[in-house]
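Next come the chains, spelled out residue by residue.
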Amino acid sequence: MDQYIPLNDLPIGRKARVKLLSPGSESRRRLLDLGLVSDTEVEALQKSPSGDPTAYQIRGTVIALRSEDAADIIVEAI
Amino acid sequence: MGLTSQSTGAGVLESELKINRLNQSDKLIALAGNPNVGKSTVFNSLTGMNQHTGNWPGKTVTNAQGRYRHKDKDFSLMDLPGTYSLSANSVEEEIARDFICFGNPDATVIVTDATCLERNLFLVLHTLEITDRIVLCVNLLDEAKRKKIHIDLEELSRQLGIPVIGTSARSGKGLDELMDAVYKAAEAAKVPSTDEKKLQEPLKVRYDDEIEQAIAVLEPYVSGILKDHLDSRWVSLKLIDGDDSLLNSLQKYLDFDLLSDPVLTQKLEESKSLLNDAGLDPEQFRDKVAAKIVSYAEKICSKAVTIESNSYHDMDRKIDRILTSKTFGIPIMIGLLGLVFWITITGANYPSQMLASFLFDIQDHLTAFFTQLGTPPWVHGILVLGVYRTLAWVISVMLPPMAIFFPLFTLLEDLGYLPRVAFNLDNFFKKSCAHGKQALTMCMGFGCNAAGIIGCRIINSPRERLIAMITNNFVPCNGRFPTLIAIITMFFAGVFTGPAKSVVSAALLTAVIVLGVIMTLIISKILSKTILKGLPSSFALELPPYRMPQIGKVIVRSVFDRTLFVLGRAVVVAAPVGLVIWLLANIYVGDVSLLTQCAMFLDPFARLIGLDGYILMAFILGFPANEIVVPIIIMSYMAAGSMLEMDSLSQLRELLLSHDWTWLTAVCVMLFSLMHWPCGTTCLTIRKESQSWKWTLAAFLIPTVTGITVCFIVANTARLLGLV
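Read on for an overview of the structure. (Residues numbered from 1 in each chain as written. Chains lettered and ligands numbered in written order. Predicted model: local features only at pLDDT ≥ 70, side-chain atom pairs only at ≥ 80, totals over all residues. Heavy atoms only, no water.)

Brief notes about helix α13 (residues 314-323) of chain B
Since there are 3.6 residues in each turn of an α-helix, residues three or four apart along the chain are aligned in direction. What counts here: Each residue is assigned to one of three classes by its accessible area relative to the maximum for its type, calculated with a 1.4 Å probe on protein chains only: buried under 20%, partly exposed between the two thresholds, exposed over 50%. Only DSSP runs of H or I reaching four residues or more are called helices, and only runs of E reaching two or more are called strands; each is numbered from the N terminus. For this quantity, the arc is that covered by the directions from the helix axis to the C-beta atoms. Should any heavy atoms of two residues lie within 4.5 Å, those residues are considered in contact.
Within α13(B) the residues assigned to the buried category are D316(B), R317(B), D320(B) and L323(B). Buried positions in α13(B), seen along its axis, are confined to an arc of 130° and lie on one side of it. Each element contacted by the buried residues of α13(B) is listed here: β3 (41-47), β4 (54-58) and β5 (61-65) of chain A together with α14 (329-373) and α16 (418-431) of chain B.

Written out as structure tokens, the structure reads:
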């Protein structure tokens, strides 16, 4: 499957592989520190009660990201 | 909520990075690690210090320092803030990095979480770039075992080239071995490893060729400047990365101004153009560096970690689906808060009465004693009616609720529920252009606003941090809880009897807290649109695994560490204020006491906002500590007339009613208690954390003006509608 989407569009329960962190985004360094580099597998776990942020499974830990920040992460759904 | 004896009292002010051994001959050990890996538990177990550990990221916001003795040596242990890396994205990371780089520790212990070792290894690999003297502590082995994750510690040690010790700090397993390893590492630091060939070299990450070439251009020259102060390879890497904060720290601690060196600047340009030629812009460079570290961590884990089943966190996900669900997430949150209050109020009721009658019994004996001694009436007045009575009130009213509330709240905290609160509430904060972690700093504020202010360090954006600091006071701290509980019980729940009474009290108290949260959001929004304009910054919040709290330890810790400490502070403040009040009430100018004169002066304004002069006076005199507001009110009323035995809330109610209190007065006192200036300690902490008197003033005025406005509107609307 060759479908690149921003992470915030990844449906709950689906997994994806990180392809690119948008250049120039403020959260880049922080995301890198969490191990969100190319080819990292992420899974959308669940949304907060009001629909945002969303919790993602990243390298064995659960990290919540706001949709604006998740939009900077381009993934390939798997 | 990070309420330690350090962060609740004057220790709050001692939050700067202190690089010193507690004793000159001590070995200095740094304790680093990701947030939420049980680092503080390790620290406590080693030093025996009761630093509280909470199950949420960013708990250790100040540097805790402790000592322990192992074999023939003393060790000073410095608990650094939990960080994911040392790239100085935040104040905490900067503190951790500066300590490891410039604090000259004899060894650094990195505590890691066995259940997600891979992510934890990034920090280990980062730190290995700075120093070789690392002992790796793989903590939470018990939890890993439960989750069927097996770690081959020997293999890990072989891969990393450093000593690796497995621990389960909560049950104390492996700590002796850890101390042994630290002992050896610190010894080796003294004797360079030339005479004793090390078994293996600590692992150093090797980057891709183009990056290694760029480093090679710079490193020899950097090495010439830095000598042995710091690892030149790492500093070169950071120079290429453009890490300004490291440059600042180099200047601050070692007085090296690297960029003013023309040769270095030229070499740096050379390095950068090499990278540029290789097609790497600064971001790609950073990506590559990060990716390399990740790939090392992956590789090491693939050899040292065996995960039997991937379903080990299914249970956590199931709980999360309920606790943060669309339908139940927020109701459960409010319900839990209400439940905690209900248990607190119900449980505290009886012991409070017993304590009060016991302590006022003693007062009678004291009075008899003084009468027998034949001391002048003023001695009895100052010591018994002033100091002792205030203390008795503070203790009987504050101690029971605190002794119940703190352990309960700590249980929720240790379970790992608080990050879920932040997760649930984040969207509201986003709409206020603020940070979701502000919910965590608010939770810290429940214990002590000053601790909450320091906790704001977990928010990286300076704008959002200021917002969180200015609005933290809208969460009532433990000094204000008893006031709220007492007034609710006297005036609103009093009409109910039996179990309904405490349910109503708890519901009302919850409503007050929810109002505080709503005010926080409104004021945050207003600040974001006016003096602190800006858009919400990025947000990444870890939701750690749920953990079974150790109930016994929680109770012991929260009673001894929090309750008694906070109570102690209240007593220390209340005693002198009791004395001052008694004097004010008993020194007469003409026919009127000083206290009454002050109160009369304040009265017209106070009445406008639904209070009276004595109440406003009490809030002003309560500036050193909020705990003493109600005692001051009582004392002023009693001094101003009818003497009463104050050994129950119903008698207190009579006293207040005799001074024209209505339900509206009660409402306004609660509102004003929720929204007025922060206490003295909190103000000083804001000054310290914001480095600005201007923002301290803002943090003083904003809640005050809000409180006055709200009370004014409520009081006058009620009066206009003829409700009173």
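Looking at the nonpolar core
All names here are of chain B. The line we're drawing: Residue types Ala, Val, Leu, Ile, Met, Phe, Trp, Tyr and Cys, when buried and joined through side-chain atoms within 4.5 Å, form a set referred to as a nonpolar core.
Membership of the largest hydrophobic core comes to 121 residues, with the highest contact counts inside it found for L611 and W661. A total of twelve residues in this core trace back to one element, the largest contributor, which is helix α15 (residues 377-415). If we skip the residues at most four places from it in the chain, W661 touches I487, F491, D612, I615, I633, Y637, L656, A666 and V669. One finds A96, I225, F256 and A290 within the second-largest nonpolar core, a separate group that totals 90 residues.

Some words on the pattern of salt bridges
Residue and element names in this part refer to chain B. To be explicit about the condition: Whenever a carboxyl oxygen of Asp or Glu lies within 4 Å of a side-chain nitrogen of Lys or Arg, that contact is scored as a salt bridge.
Considering all chains together, one arrives at 37 salt bridges over all chains under this definition. Note that R69 is salt-bridged to D74, the shortest N-O span being 3.1 Å. The exposure class of R69 is exposed, given its relative accessible area of 52%. Close ionic contact of D98 with R97 constitutes a salt bridge, the shortest N to O distance being 3.0 Å. On the basis of relative accessibility, which here comes to 4%, the residue D98 falls in the buried class. With a relative accessible area of 0%, R97 lands in the buried category. Through salt bridges that share partners, D26, R67, R69 and D74 make up one connected network.

Comments concerning the interface of chain B and chain A
This is how it is decided: Contacts described as polar in this section are N or O atom pairs within 3.5 Å, which, within protein, must combine one atom able to donate a hydrogen with one able to accept it, while residues neighboring in sequence count only if both atoms come from side chains. Each residue receives one of three labels: charged for Asp, Glu, Lys and Arg, nonpolar for Ala, Val, Leu, Ile, Met, Phe, Trp, Tyr, Cys and Pro, and polar for the others, Gly being one of them. Strand pairing requires that DSSP identify at least two bridges connecting the strands.
Taken together, the contacts link 47 residues of chain B with 35 residues of chain A. Counting across the chain B and chain A interface gives nine salt bridges. E283(B) is the partner of R28(A) in a salt bridge, and the nearest nitrogen-oxygen pair spans 3.7 Å. The interface formed by chain B and chain A contains 18 residue pairs in polar contact (both at pLDDT 80 or more). Taken together, the elements giving at least two residues each to the side of chain B that touches chain A come down to α4 (117-130), α12 (282-304), α13, α14, α16 and β9 (540-542) of chain B. The greatest single-element share of the side of chain B that touches chain A, amounting to seven residues, is contributed by α12(B). In terms of residue class, the side of chain B that touches chain A is built from 16 nonpolar, 16 polar and 15 charged. The pairing of β5(A) with β9(B) spans three bridges and is classified as antiparallel. In the strand pairing of β9(B), L65(A) is matched with A540(B).

Notes on the layout of surface pockets
Under the convention used in this document: A 1.4 Å probe that fits into a set of points on a 1 Å grid over the protein atoms alone but cannot get out defines a cavity; an open set with protein on both sides within 12 Å along at least five of seven lines defines a pocket, and lining residues are those with an atom within 4 Å of a point. Grid points are joined across faces, edges and corners, and a volume is the space filled by probe spheres set on the points.
For the second largest pocket, the calculated volume is near 860 Å³. If you trace the second largest pocket, you find 35 residues lining it, with Q57(A), R59(A), G60(A), N310(B) and Y312(B) closest to the centre. Those elements giving two or more residues to the lining of the second largest pocket turn out to be β2 (15-21), β3 and β4 of chain A together with α4, α12, β8 (305-307) and α13 of chain B. When its residues are assigned to classes, the lining of the second largest pocket shows twelve nonpolar, ten polar and 13 charged.

So, to be careful, I would describe these as geometric facts and stop short of saying anything about function.
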